[in-house]
Amino acid sequence: MEHYNMNLTLKVWRQKNASDSGRFETYPVKNISSEMSFLEMIDVLNEELIKEGKDPIAFDHDCREGICGACSMYINGRPHGPWQANTTCQLHMRAYKDGDTIVVEPWRANAFPVVKDLVVDRSAFDRIIQAGGYISVNTGNAVDANAIAINKDNADAAFAAAACIGCGACVAACKNSSALLFVSAKVSHLALLPQGGPERKTRAMNMVAQMDKEGFGACTNTGACEAVCPKEISIENIARLNREYMMAGVISDK
Amino acid sequence: MLDSKIPVGKLEEKWVDYKGHCKLVNPANKRKLEIIIVGTGLAGASAAAALGELGYKVKAFCFQDSPRRAHSIAAQGGINAAKNYQNDGDSVFRLFYDTVKGGDYRAREANVHRLAEVSVNIIDQCVAQGVPFAREYGGLLNNRSFGGTQVKRTFYAAGQTGQQLLIGAYQALERQVALGNVTMYARHEMLDVVMVEGKARGIIARNLVNGELERYFGHAVLLCTGGYGNVFYLSTNAMGSNVTAAWKAHKKGATFANPCFTQIHPTCIPVSGDHQSKLTLMSESLRNDGRIWVPKQKGDKRKANDIPEEERDYYLERRYPAFGNLVPRDVASRAAKERCDAGYGVGTTGQAVYLDFKYNLINKYGKTEAGKLGIENPDLETLMRLGKEVVKEEYGNLFDMYEKITGENPYEVPMRIYPAVHYTMGGLWVDYELMTNIKGLYCLGEANFSDHGANRLGASALMQGLADGYFVVPYTIGNYLADEIATKPIPITHEAFEQTEKAVADRINTLMNIKGKQTVESFHKRLGKIIWEYCGMSRNEAGLKHAIAEVQALKKEFWSDVKIPGGIKEMNPELDKAGRVADFIELGELMCKDALDRNESCGGHFREESQTEEGEAKRDDENYAYVAAWEYKGESDWVLHKEQLNFEIAKPTQRSYK
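Keep in mind the model is a prediction, meaning the values are calculated, not measured. (Residues numbered from 1 in each chain as written. Chains lettered and ligands numbered in written order. Predicted model: local features only at pLDDT ≥ 70, side-chain atom pairs only at ≥ 80, totals over all residues. Heavy atoms only, no water.)

K.L.:
Account for the overall build of chain B, with residues named and values stated.
P.N.:
On a plain count of helices and strands, chain B comes out with 17 helices and 21 strands. Taking the principal axes of the C-alpha coordinates as reference, chain B spans close to 80 × 55 × 50 Å. Burial status across chain B gives 67% buried among its 658 residues. Taking contacts inside chain B between residues at least 6 apart in sequence as the whole, the part at least 24 apart equals 73%. On chain B, roughly 22000 Å² of surface is accessible, and the fraction owed to carbon and sulfur atoms is 49%. On chain B, the mean spot of the 83 positive side-chain charges and the mean spot of the 85 negative ones are 2 Å from each other. (Helix = DSSP H or I, 4+ residues; strand = E, 2+ residues; numbered from the N terminus. Buried < 20%, exposed > 50% of the residue type's maximum accessible area, 1.4 Å probe, protein only. Contact = heavy atoms within 4.5 Å. Areas by Shrake-Rupley, 256 points an atom, 1.4 Å probe, with all protein chains shown as cover. Lys, Arg positive; Asp, Glu negative; His and termini not counted. Charge placed at Lys NZ, Arg CZ, Asp CG, Glu CD.)

K.L.:
If you had to explain the interface of chain B and chain A to someone new, which residues and values would you point to?
P.N.:
Contacts between chain B and chain A engage 77 residues on the former and 74 residues on the latter. In this assembly, chain B packs against chain A so that about 6100 Å² is buried in total across both faces, 52% of it on carbon and sulfur atoms. By the criterion of area lost to chain A, the three top residues of chain B are Arg69, Arg175 and Lys404 of chain B, representing 12% of everything that side buries. Where chain B meets chain A, there are 7 salt bridges. Between Asp60 of chain A and Arg187 of chain B there is a salt bridge whose closest N-O contact spans 2.9 Å. Connecting chain B to chain A are 41 residue pairs in polar contact (both at pLDDT 80 or more). Put simply, the parts of the chain that give the side of chain B that touches chain A at least two residues each are helix 3 (42–54), helix 5 (109–129), helix 6 (161–178), helix 11 (380–406), helix 12 (461–481), helix 14 (520–535) and helix 16 (573–597) of chain B. With 10 residues, helix 6 of chain B is the largest single contributor of residues to the side of chain B that touches chain A. Here the residues of the side of chain B that touches chain A are counted per class, giving 30 nonpolar, 27 polar and 20 charged. (Buried area = accessible area lost by both parts, 1.4 Å probe. Salt bridge = Lys/Arg side-chain N within 4 Å of Asp/Glu carboxyl O. Polar contact = N/O pair within 3.5 Å; in protein donor to acceptor, adjacent residues only side chain to side chain. Nonpolar A, V, L, I, M, F, W, Y, C, P; charged D, E, K, R; others polar.)

K.L.:
I'd like a rundown of the domain arrangement of chain A, residues and numbers included.
P.N.:
Residues and elements named next belong to chain A. Annotation of chain A at the domain level lists domain 1 (5–115) and domain 2 (123–250). The C-alpha-based centres of domain 1 and domain 2 are spaced at 29 Å. In this complex, domain 1 contributes 18 residues to the contact, which on the side of domain 2 involves 20 residues. Both sides of the domain 1 and domain 2 interface together cover about 1400 Å² of buried area, and 62% of this is carbon and sulfur. Together, Ala85, Ala111 and Phe112 form the three largest contributors to the area buried by domain 1 at its contact with domain 2, with a combined 33%. Counting every contact that joins domain 1 to domain 2 gives 0 salt bridges. Counting every contact that joins domain 1 to domain 2 gives 3 residue pairs in polar contact (both at pLDDT 80 or more). Here the side of domain 1 that touches domain 2 is composed, by residue class, of 10 nonpolar, 6 polar and 2 charged. (Domains from an automatic or database assignment.)

K.L.:
Talk me through the sheet that holds strand 10 (residues 256–257) of chain B; I want residue IDs and the actual numbers.
P.N.:
Strand pairing in a sheet relies on backbone hydrogen bonds. The paired strands run either parallel or antiparallel. Residues and elements named next belong to chain B. Taken together, the 4 strands give an open sheet; going across it, the order is 16-10-20-21, and neighbouring strands pair in antiparallel fashion. Looking along the sheet, the strands with just one partner apiece sit at the ends: strand 16 (427–428) and strand 21 (637–644). One ladder, built from 2 bridges, connects strand 10 with strand 16; its direction is antiparallel. Bridge pairing in strand 16 places Phe256 opposite Leu428. Where helix 7 (residues 244–251) meets the sheet, it contacts strand 10, strand 16, strand 20 (626–634) and strand 21, and its direction lies at approximately 70 degrees from that of strand 20. Along the sheet face, helix 16 touches strand 10, strand 20 and strand 21 and points at about 135 degrees away from the line of strand 20. (Pairing = 2+ DSSP bridges. Axes fitted to C-alpha atoms, helices over the stretch in contact; angles between N-to-C directions.)

K.L.:
Just give me the short version of helix 6 of chain B, but keep the residues and values in it.
P.N.:
End to end, helix 6 of chain B covers 26 Å across 18 residues, agreeing with the expected 26 Å (1.5 Å per residue, within 8%). Positioned one or two residues after helix 6 of chain B, Gly180 of chain B has a phi angle of 85 degrees, which is positive. (Expected span 1.5 Å × (residues − 1).)

K.L.:
Account for the pattern of salt bridges, with residues named and values stated.
P.N.:
Residues and elements named next belong to chain B. Per the counting criterion, the structure on display carries 73 salt bridges over all chains. In this structure, the salt-bridge partner of Arg318 is Asp313, at a minimum N-O distance of 2.9 Å. On the basis of relative accessibility, which here comes to 7%, the residue Asp313 falls in the buried class. In this structure, Glu557 engages Arg526 in a salt bridge whose closest nitrogen and oxygen atoms are separated by 2.9 Å. One end of the pair, Glu557, is in helix 15 (residues 541–561); the other, Arg526, is in helix 14, with 31 residues separating them in the sequence. Of the residues examined, Glu557 reaches a relative accessible area of 28% and is grouped as partly exposed. Each member of the salt-bridge network shares a partner with another, and the members are Asp104, Arg106, Asp330, Arg334, Arg598, Glu600, Arg619, Asp621 and Arg655.

K.L.:
Which residues make up unusual backbone geometry, and what values do they have?
P.N.:
Residues and elements named next belong to chain B. A positive phi angle, near 55 degrees, is found at Tyr105, a position not held by glycine. By the secondary structure assignment, Tyr105 is in the loop between helix 4 (92–102) and helix 5. The exposure class of Tyr105 is buried, given its relative accessible area of 0%. One non-glycine residue, Arg187, lies in positive phi territory at about 50 degrees. Its location among the elements puts Arg187 in the loop between strand 5 (182–185) and strand 6 (188–196).

K.L.:
Go over the nonpolar core, please, and point to the residues and values.
P.N.:
Residues Phe216 of chain A together with Ile79, Phe133, Leu222, Leu223, Tyr442 and Ile477 of chain B are the most contacted members of the largest nonpolar core, which totals 243 residues. Excluding its chain neighbours within four sequence positions, the residues that come into contact with Phe216 of chain A are Ala111, Phe112, Ala124, Phe125, Ile128, Val171, Ser177, Ser178, Ala179 and Met211 of chain A. Grouped together as the second largest cluster of nonpolar side chains are 27 residues, Met41, Ile75, Cys89 and Ile102 of chain A included. (Core = buried A, V, L, I, M, F, W, Y, C linked by side-chain atoms within 4.5 Å.)

So, in structure tokens, the structure goes:
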């Protein structure tokens, strides 16, 4: 792969803490290699800022291999930047050319308040899982793993839904800041497996209730969530959640 | 000083006997006992869930914004278990034996046997939680092979096994949060252990959002904080992975065992330049289907696909015909280094070898699929297309990741790979009950030293993390806490909390007030280069002595010239990193000291002075069949304690994969 160097202009959202109003700052960055990852480019800028006695840009990141879900930059109006099925940490600078201007913002949603600069608070997702995103089975009372045969198509579909990394790009992309793709991925993962059967109704009801309580918006089937999801979680999961939710409402056996 | 507390009796009966006789805590008393768990990877999350289910009051801490992001999430290939679902001769004994042998006879037999025993329960538990493991068309679980074994015992979920297992444990943990049994503290970093009358009774943690120091009491403290591979700066670990929690415990008296036992993983994407912040693993499971080769001709600059079959050197298959591409990691890594050092490396830097899927794409998968579809005499294109579909299902995410990073399509051209730091077998010394030599302080998962000896086999880290958390510590901790039921919670105003917090605050103030010129990152990079050069894949006496002097000098420079921006009472990632790098520097010195002391080669520890005529690692069982547990005495001052290893069942032999 041919590589090249480039000079860029970055416009980055800076916000000291949750109560600060925040503003864009403009930074030139020079001699960026096309082989760098996007976050390595931010590393280079931060090293410069520190040397100049300025505050480096705070951002969430950890694994840098696209699986932990920590990184969360809104790049030129798109969560995780221009590439399909990708996280910010896996975006590489060959996506850009010399002279480009790149605007970087945090996720924007009422349910994800800004902590500092590009760092947001996504603990609402953890609370949604607490509301029912699990199978209630205590350690030690499981039967043999092969005692339950699971049709491969269902197992594969459950796996595809379970691939969600909880990054929140779906919320950031949605004009209503809806978390329905995230919630539906978890509901689908567990509803598609026989082990998840006993709690299907309460799970769907309780997770949706918690989602509403956290201040996420409603779903209007725009599909922006699916388009930006780094793990290509399908919007079909939302349809499945809607069915689960309806069934739970119609057949209440409590 | 070191009592391993290995139960007496036959190897296969020790754990059963232990469980039958250990002390229990009744449910009413469990509610009065508080347990602190630091780290929420597979070991921490599973322990928090399991102990919460039992009724203990658990406080769990992680530095990430959510427990689901702990670095276990990045494990790719799979998890071993002695289920023998494949009817290919596997058993608890074989898993035990493979692990002891794979670890080059530097692990404890009793711990490893217990690990093999509970491996089967882990798979059952995970399936019950809804972990979507790969399945066959009949609906039953599928397996793949990993290095250092001749059976198929690895369960997997595409190339995302760690993610699926961690999400399972995370969900179990969140369920306990919802039930009020676990309180979760995310974005908190443990900065010291609080000791009261010789027992671990709490921690000081820093809230990483507002920078405040906070005090927490626990009747027992569990460190599940992962490995220290980031001492090398470049590794496959996450950016935040660090040794700080374990190191603070070490400085409070917990001995650190076998720090020089680090694993260099053979198949990672090679370094591309100085800007590089981390390295990315390509799962060992790829060696099931990929063949490793270099050109037979030195400095061959042709493209991989232009080099004809007869001019390729499949050096692992040539040197190790019995295990071929599936030799253990340490062996595969050294073999790659040997070829590159000899001038046969590929790519722009010459520091890479090929991992090539074409042969199996066509011959293994393509032909099988064509056979299933009844296509007679399929052409090459058809075979490639059919083979690709299967490979995509098995490893699609890994192939995509490779392409994003390198810009090359691994279905078409072979991957370029090179060894990189991946895992650390060393860690805090623990006894059979997973307790360190500090009473009430436990260490689980990668952070302890116990199960993998001098080299960990693939797909065994996930197994150990979950074994420790779900199935070992819930029993062993009761044996300790049964005697603590009368201990009332110690108020955090106690002078031990006061003093420990003050010491932590003083250190932070010292760091902030250095106001030097060099960034934390620059020190970390320099440390990494020293350790990689002298305490990496190959070590010798002169180099190690040189490295110790260099690390000591670097430490002086760090404490007089580091520059940390921002303030203390705010979110300040540079300050977080500075504390971690300061600890890595101290650890780096101990690693070199340990490597110097161990004048033998074993597993991942290769001393150039100790090799066979064929260049394989040569153990010295007479002099070094011990666990090296280092006690901290003061700055650059450690005392070595030896725990002799006795092999009653798996008799040490020269490890051979030929």
